[in-house]
Amino acid sequence: MSLLIKNGRVITATDDYQADILVEGEQIVAIGKDLPADNAQVIDATGLLVMPGGIDPHVHLDMPFMGTFSSDTHETGTRAALHGGTTTVIDFVLQQQGHSLQEALDEWNSRAAGTAVGDYSFHMAVTDFNAATKAEIRTMIVQEGITSFKTFMAYKGALMIDDRQMTGLMQEVKQQGGMVTVHATNGDVIDYLVAKHLAEGRTSPLYHYLSQPEVTEAEAAARFTDLAHYTGCPAYIVHLTCEGALNAVRNATRRNQRVYVETCIQYLTLDASKYDLGFESAKWVMSPPLREVKDQETLWAGINQGLVNIVATDHCPFMWQQKLMGKDNFSKIPNGHPAIENRMELLFSEGVVKNRITLNKYVEVACTNPAKIFGMFPRKGTIAIGSDADIILFDPHQQHIISAATHHMNVDYSAYEGWEVTGKVKTVILRGKVAVDNGECLLPSGYGQFIRRNQVSAKI
């Protein structure tokens, strides 16, 4: 079955033009004016923006964490992503200390394969780098198509690796053609502050925020960039939130170093005033925490300066009952918030509509750069002949309100409840199939494919 999208305004990271798009099978086969319909199903995109499907490279689906699991599965999470215009996500496989990377991958494959509705890939989080782990890096890259390796500079005893392990991992990943990504916060300082606050009887969510001051992120970001510079390893900082951390990256450019930077939609739109709401603030307990208004200004500027390359979500939802695990101790609140469905519309409304970024920059940071940096371009992330037909039709004028009553994420509250948004995803196409149309998902669970990624080589 062929699809013909007619009369749309096509937006990519570099282009803006009127054209028809012909899809055959899973790929785009023609782009032009007045393409003949023949026997194709025609979708009229008059008045709509036609853009590549979004790519969210930072999600946590069905993830074990702090004694529970994140509440979105690969089925519910990728379905919610499709409703919001995101056609591909990259989830994180977490190695358990004392166990192999392959064991972890097998566990995540058992949960995702045959259940995901949208396309997905994996990062591999390395929590125990040793000789055996080192020997698995090439296998992950060459045989499994997993080319990015996540590290944690926090969560000692569970996820954190030290600088010795970080350096060894970077050297091996560089040699094999991969990339090292990092949760860059100083875990030792954070652990000290958490213990101090609890000893003083300060147990509310506010002290989660006060236990992770800006310096803990700025210091770790600078240390990570220094180690990446020393080893020459391609480097990427996940969920960067603040001016101090971005300045560490800015300073690295003075020695001609390139460090890729991701921020998340919550750090562009929400601030630390959310921690003044009593225990309700647990909805916004995440790591790193929300920051100050001045940091939002820095991040928007960083997008336009080319320092911030990607806007993701760090989607890691927990039901309210799960959040209540930390009612008497903020350090027991599961960290994370839901956003996989909201990212594309919020970024358009707060970015494009408010003239903070251009339409092309919007596609760049939400679709194209994730594909380029993580080895999926040009199969994903653009509208071009031969690319996967991952396409969204977007009404730039429709206004609506975000609410848990209408979202599709498996979580019983919204971090953006009552937020008025301009811009609405109307139709989503995934590999040539209409995935979502006017609020209804038309694809079955299991349609989503695992996307093998290429070795790191793309420059953006």
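Under an unreviewed UniProt entry, the chain has the name Dihydropyrimidinase and belongs to Chitinophaga rhizophila. Looking at the chain in UniProt, the text filed under Cofactor (unreviewed entry) is "Zn(2+)".

**Some words on the UniProt feature "domain: Amidohydrolase-related" (unreviewed entry) in the chain**
Under the UniProt annotation, the feature "domain: Amidohydrolase-related" (unreviewed entry) is placed at residues 49-434. Within the segment residues 49-434, helix and strand shares are 37% and 20% respectively, and the terminal C-alpha atoms sit 16 Å apart.

**Focus: the side chain of Thr68**
With respect to the helices, strands and loops of the structure, Thr68 is situated in strand β8 (residues 68-69). The exposure class assigned to Thr68 is buried, which follows from its relative accessible area of 15%. A polar contact of 2.7 Å, which involves the side chain of Thr68, links it to the side chain of Gln322. Excluding its chain neighbours within four sequence positions, the residues that come into contact with Thr68 are Met63, Phe318, Gln322, Met325 and Pro334.

**What to know about the sheet that holds strand β14 (residues 259-264)**
Overall, parallel pairing links the eight strands, which are arranged β6-β9-β10-β11-β12-β13-β14-β15 in an open sheet. Here the strands that pair on one side only, and so sit at the sheet edges, are β6 (54-59) and β15 (310-312). Strand-to-strand twist of the sheet, defined as the mean angle between neighbouring strand axes without regard to direction, takes the value 30°.

**Topic: the environment of Ser71**
Relative to the assigned elements, Ser71 resides in the loop between β8 and α1 (74-83). Residue classification places Ser71 among the buried residues on the basis of a relative accessible area of 10%. Spatially, the C-alpha atoms of Ser71 and Met319 are 6.5 Å apart, while their sequence positions differ by 248 residues. Residues within four places of Ser71 in sequence aside, it is in contact with Thr76, Pro317, Phe318, Met319, Gln322, Asn410 and Val411.

**Overview of the packing of helix α12 (residues 343-352) against helix α13 (residues 359-373)**
A pair of packed helices is captured by two measures, namely the crossing angle of their axes and the spacing between those axes. For the pair α12 and α13, the least separation of the axes is 11 Å and the interaxial angle reads 150°. On the basis of the axis angle, α12 is roughly antiparallel to α13. For the crossing formed where α12 meets α13, the hand is right-handed. The residues of α13 that touch α12, namely those facing Arg343, Met344, Leu347, Phe348 and Val352, are Leu359, Tyr362, Val365, Ala366 and Cys367.

**As for helix α10 (residues 293-305)**
Helix length check: α10 (13 residues) gives 18 Å between terminal C-alpha atoms against 18 Å at 1.5 Å per residue, within 8%. Every buried residue belonging to α10 is among Asp295, Gln296, Thr298, Leu299, Trp300, Gly302 and Ile303, and all of these are buried.

**Overview of unusual backbone geometry**
Geometrically, the link from Ser287 to Pro288 is a cis peptide bond, its omega value of -5° lying close to zero. By the element assignment, Pro288 lies in the loop between α9 (265-269) and α10. Positioned with a positive phi, Asp62 is a non-glycine residue whose angle comes to about 50°. Structurally, the position occupied by Asp62 is in the loop between β6 and β7 (64-65). The backbone of Met66 sits at a positive phi, close to 55°, despite the residue not being glycine. Tracing the sequence through the fold places Met66 in the loop between β7 and β8. A relative accessible area of 29% places Met66 in the partly exposed class.

**A look at the environment of Lys380**
Assignment of secondary structure puts Lys380 in the loop between α13 and β16 (391-401). Classification of Lys380 by relative accessible area gives buried; the value is 1%. A sequence separation of 13 residues divides Lys380 from Cys367, and the C-alpha atoms of the two residues are 8.0 Å apart. Contact partners of Lys380, with chain neighbours within four places excluded, come to Ile55, Thr88, Asp119, Ala371, Asp388, Asp390, Leu430, Arg431 and Ile451.

**A closer look at the pairing of strand β11 (residues 148-152)**
Among the five residues in β11, five count as buried, and that is most of the element. Covered by surrounding structure in β11 are Ser148, Lys150 and Phe152 together with Phe149 and Thr151, the residues of both alternating faces. As for the winding sense of the linkage, the β-α-β connection from strand β10 (residues 119-125) through helix α3 (residues 131-143) to β11 is right-handed. The pairing of β11 with strand β12 (residues 179-183) spans five bridges and is parallel. The residue of β12 that forms the bridge with Lys150 is Thr181. Taken together, β11, helix α4 (residues 163-176) and β12 constitute a β-α-β crossover, and its handedness is right-handed.

**A word on the nonpolar core**
In terms of nonpolar packing, the biggest core is built from 123 residues, with Met124, Met166, Phe224, Ile237, Leu347, Tyr362 and Tyr416 touching the most fellow members. Filtering out sequence-adjacent residues up to four positions away, Tyr416 remains in contact with Ile265, Gln266, Thr269, Leu270, His337, Pro338, Ala339, Asn342, Leu346 and Ile402. If you look at the next biggest cluster of nonpolar residues, it comprises 17 residues, including Ile21, Ile28, Leu393 and Val434.

**Quick word on the packing of aromatic side chains**
Any aromatic ring pair is given by two values, namely how distant the centres are and how the planes are angled relative to each other. Enumeration according to the criterion identifies 12 aromatic pairs in this entry. A centroid spacing of 5.5 Å and a plane angle of 65° characterise the contact between Phe279 and Trp320, whose relative ring orientation is edge-to-face. With Phe279 in the loop between α9 and α10 and Trp320 in helix α11 (residues 320-323), this residue pair connects regions lying 41 residues apart in the sequence. The exposure class of Trp320 is partly exposed, given its relative accessible area of 25%. A ring pair is formed by Tyr416 and Trp419, whose centres lie 5.9 Å apart and whose planes are at 70°; its orientation type is edge-to-face. There is no split in this pair, since Tyr416 and Trp419 are both buried. Note that Arg111 overlies the ring of Trp108, its terminal NZ or CZ placed 4.3 Å from the centroid.

Conventions we followed
- Residues numbered from 1 in each chain as written.
- Predicted model: local features only at pLDDT ≥ 70, side-chain atom pairs only at ≥ 80, totals over all residues.
- Heavy atoms only, no water.
- UniProt positions renumbered as here; feature names shortened; annotations may be inferred.
- Helix = DSSP H or I, 4+ residues; strand = E, 2+ residues; numbered from the N terminus.
- Buried < 20%, exposed > 50% of the residue type's maximum accessible area, 1.4 Å probe, protein only.
- Polar contact = N/O pair within 3.5 Å; in protein donor to acceptor, adjacent residues only side chain to side chain.
- Contact = heavy atoms within 4.5 Å.
- Pairing = 2+ DSSP bridges.
- Axes fitted to C-alpha atoms, helices over the stretch in contact; angles between N-to-C directions.
- Parallel < 35°, antiparallel > 145°, perpendicular 65-115°, else oblique.
- Left-handed = near helix turned anticlockwise from the far one by under 90°.
- Expected span 1.5 Å × (residues − 1).
- Right-handed = clockwise from strand over helix to strand, strands pointing away.
- Core = buried A, V, L, I, M, F, W, Y, C linked by side-chain atoms within 4.5 Å.
- Phe/Tyr/Trp six-rings, centres within 6.5 Å; stacked < 30°, edge-to-face > 60°.
- Lys NZ or Arg CZ within 6 Å of the ring centre and 35° of its normal.

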